[in-house]
Each structure stands twice: as structure tokens, then as C-alpha cells.
Number of protein chains: 2
Amino acid sequence: MMISTRGRYVLRLLLDIAEHQGEGYVSLKDSAERQEISKKYLEQIVIIPDVSKMLVSKGGKNGGYRLAKDADEYTVGEVLRAAEGSLSPVACLEINHSPCPRSADCIALPVWKGLDEVINKYLDGMTLQDVLDKKPGYDGGDNYVI
Amino acid sequence: MMISTRGRYVLRLLLDIAEHQGEGYVSLKDSAERQEISKKYLEQIVIIPDVSKMLVSKGGKNGGYRLAKDADEYTVGEVLRAAEGSLSPVACLEINHSPCPRSADCIALPVWKGLDEVINKYLDGMTLQDVLDKKPGYDGGDNYVI
DNA sequence: ATAATGCCTACAAAACCTATAGGAATAGTA
DNA sequence: TACTATTCCTATAGGTTTTGTAGGCATTAT
């Protein structure tokens, strides 16, 4: 299992904010209730640096969050990477991972590189707006999914 | 990170066995040394039921393992699922997961279903023999990887 | 007999996941 | 000013999973 609640909750939160922000701000309380997610847990997730950069916040009464850019300017991949740190299927492909001394010989490495590419291509080919619109997503083959 | 050492080690082990089994058996000791993996840890991994079904073992001196079927009869996806249990990117798509009461409304679910499909299509489109042959793998787009 | 192997069970440190808790700072509103 | 609703910050913690280590029994070839 690759995407933890962090990634899943952030995606749902951003979609919820995108859907409910009019001219104003969406409070975590409201999003948490609608999405049935612990508000306290969400609080911790939105302060992940790369996540908070995607949002504009306002404290105090009637405060909350709104997207810093339009929903069609964020890909699902971007959002998930912000929350999860990395979407690499294996540790050895992660940024900041100490170079594996076996990488030159590793017979399995090309499998992981291809998998990484397939995953990122799929997730980066889809924006938040696409998800809201329930736009069919290219599934990487000849078929459309959703 | 989706594929743990269990999956990565099993894939390397099976590839190592496929490469070194002639008419005989390949001992874990030899594979472990070649692959620089703890032999004791490998012992525990090969007794995972779905993994052990892919192997034929022989105890005693000159014993070891060989593949139960030919290397071109096992897909990488099969091998990884045997070791990891599931390759689902999110918990809610796993077999035996209690049905999520929100699934009918969940705006994010189609994203995960598409991702699951892309991942499994890639990994099931590649056999152990393909990896040994370093055969280019279809990366789900217009490009070949490896 | 001996040695090399698989097979089995138990233990455990470390990391990660999934939160909960309390309170400070901020900003509207009466 | 007082009140309320919100974000923001830090600490704590139980549970699960990962990644092994350790010891010994069973099996088989020589």
C-alpha cells in the first residue's frame, strides 16, 4: 500500500476546498465533517510545508483555506507528492536516498524505473479539476478509466 | 513507498534462481551471498505460502530451490503480489478490506482504481524471463523503458 | 557419521502510521 | 472590550509493519 491516509486525506481535502470555496475560505472544521476525517489530524497534515504552499490560509473567525492557484493548475501527482514526500515505488529511487552500490548490476532496477514512470505519468496527467469534473482519465493503455 | 524489501528481495531471489538453476538446485546461501541479502531473512520470506508455491525445494546437502515453472510463466506482478499480499495503492482497494461506506460518494476513488489498473497492467505485462533478457518493457505510454 | 541444507518458532529494535491533546496566536463581531 | 471561531504549534502515544537476528530440528547426500 503506497498512498497513506496523509495523501488520501490531502487529496480529498483539496478537492473539498476546491468544491466549496466561493469567494471565501473553507474551514477545516467543515471539510473534516463533510469528509469524515479527524480535524485534528487534518491540522497536522496541512502544515506539511509542500502542502501548505498550495493553500492560502486565513486565521480567526470565518477564516479557513482556499487554493493558492486554480484547481486545474494542480495535478493529482503534485498533491500526493507534497503530502507523501515521494511516490517512488521503491526506496532506491527516492530523492535523497543514498546511492545503492548495486545499482549498476541490479537486474531489478529497470523494473522499478519503468513502474515509477508509469505511476507518475498517470498521476501527473490528471488535475484536481479533472477529478471534480469526473473526466475520464487515461489509464496508460488503450482504455479509459473512471 | 509501495514495494518493501519483501517484494524486492523475492523478485531478486527468483531471478537469481532462474539464472543459476541448471539441472540442480540453488541454495539460499549462494543466492544470499550473490545478492547481498541476509540469508536468515530470505528463509522467512520464501516460506510465505504464495511464494513457496512458486518454488520446488529440496532439503539436505546440495539442496536448495528451483522454479516450479519456467521463468516465462511468472509475471513480475504475480511474484510481487505473492510476497506483498497486495499491490493496491490504497487500502480501500485491497481484497478482504471491509467495504468503505463512503465508496459510493468518494470523489477520489476513481483515481485509485485507475492507478491500480495502471500498476497491475505494467507489472503483469512482464515475465521473469523478460527481465532476465532485459527485454524492453512497455511503459504504459508511447515509450519503451529499460 | 558428518556436513550442508531447508524448515520452524521466537524475539525484538526501529520506523512509520494514525491519530489525540492542549494551548497560543489571530481575526472577525457584538 | 469581550467573545468566538479559526489557524498554528508542540508534545505525546498506541498500534502496526518492517526488517531483521537467533537458535535449533529435520532432511539428505556423501
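Each remark here, short or long, concerns the structure printed above.
From a predicted model like this one, the values you see are computed outputs, not experimental measurements.

Asks: Sorry if this is basic, but what is going on with the protein's contact with DNA strand D here?
Replies: Neighbouring residues of DNA strand D: 28 residues in total, closest Ser57 and Tyr65 of chain A together with Thr5, Lys40 and Gln44 of chain B. Sugar and phosphate atoms form 61% of the subset of DNA strand D atoms that lie within 4 Å of the protein. At a separation of 2.8 Å, a phosphate oxygen of DNA strand D approaches a polar side-chain atom of Arg6 of chain B. Measuring from a phosphate oxygen of DNA strand D, one finds a side-chain N or O atom of Ser38 of chain B at 2.8 Å. Only α2 (28–35), α3 (39–46), β1 (55–58) and β2 (64–67) of chain A together with α1 (5–20) and α3 (39–46) of chain B provide two or more residues apiece to the surface near DNA strand D. Counted by class, the surface near DNA strand D contains five nonpolar, 14 polar and nine charged residues.

Asks: Just to check I follow, could you spell out the pairing of strand β1 (residues 55–58) of chain B for this structure?
Replies: When a strand is regular, its side chains alternate between the sheet's two faces. All names here are of chain B. Here β1 pairs with strand β2 (residues 64–67) via four bridges, running antiparallel. Counterpart to Lys58 in the pairing with β2 is Gly64. Between β1 and the antiparallel strand that follows it, β2, lie five residues; Gly60 among them carries a positive phi value of about 75°.

Asks: Got a minute to help me understand the state of the cysteines in this structure?
Replies: Here a disulfide denotes one covalent bond, and it connects the sulfur atoms of two cysteines. Tallying each qualifying case throughout the model produces zero disulfides over all chains. The thiol of Cys92 of chain A is unpaired, and the distance to the nearest cysteine sulfur, on Cys100 of chain A, comes to 6.2 Å. What makes Cys92 of chain A partly exposed here is its relative accessible area of 32%. No disulfide involves Cys106 of chain B; its nearest neighbouring cysteine sulfur is the one of Cys100 of chain B, lying 6.4 Å away.

Asks: Looking at this structure, how should I read the relation of the copies chain A and chain B?
Replies: Mapping between the two copies of the chain is achieved by a rotation about an axis and a shift along the axis. Turning chain A through 180° and shifting it by 0.0 Å along the axis lays it on chain B, with an RMSD of 0.1 Å. Taken together, the rotation and translation relating the two chain copies correspond to the operation of a two-fold axis. The share of interface residues of chain A whose copies in chain B are also at the interface is 100%, consistent with both copies meeting through the same surface.

Asks: Explanation requested: the layout of surface pockets in the structure shown.
Replies: Over the atoms a probe the size of a water molecule is rolled, and this reveals where empty space is left. For the largest pocket, the calculated volume is near 330 Å³. Cys92, Cys100 and Cys106 of chain A together with Arg8 and Arg12 of chain B are the residues nearest the centre of the largest pocket, which is lined by 18 residues in total. When contributions to the lining of the largest pocket are tallied by element, the ones reaching two or more residues are α6 (109–124) of chain A together with α1 of chain B. Its residues placed into classes, the lining of the largest pocket shows ten nonpolar, three polar and five charged.

So, how was this worked out
Residues numbered from 1 in each chain as written. Chains lettered and ligands numbered in written order. Predicted model: local features only at pLDDT ≥ 70, side-chain atom pairs only at ≥ 80, totals over all residues. Heavy atoms only, no water. Near = heavy atom within 4 Å. Polar contact = N/O pair within 3.5 Å; in protein donor to acceptor, adjacent residues only side chain to side chain. Helix = DSSP H or I, 4+ residues; strand = E, 2+ residues; numbered from the N terminus. Nonpolar A, V, L, I, M, F, W, Y, C, P; charged D, E, K, R; others polar. Pairing = 2+ DSSP bridges. Disulfide = S-S within 2.5 Å. Buried < 20%, exposed > 50% of the residue type's maximum accessible area, 1.4 Å probe, protein only. Least-squares fit on C-alpha atoms with pLDDT ≥ 70 in both. Contact = heavy atoms within 4.5 Å. 1 Å grid on protein atoms, 1.4 Å probe; cavity = no way out; pocket = protein on both sides within 12 Å on 5 of 7 lines; lining within 4 Å. Points joined across faces, edges and corners; volume = space filled by probe spheres on them.

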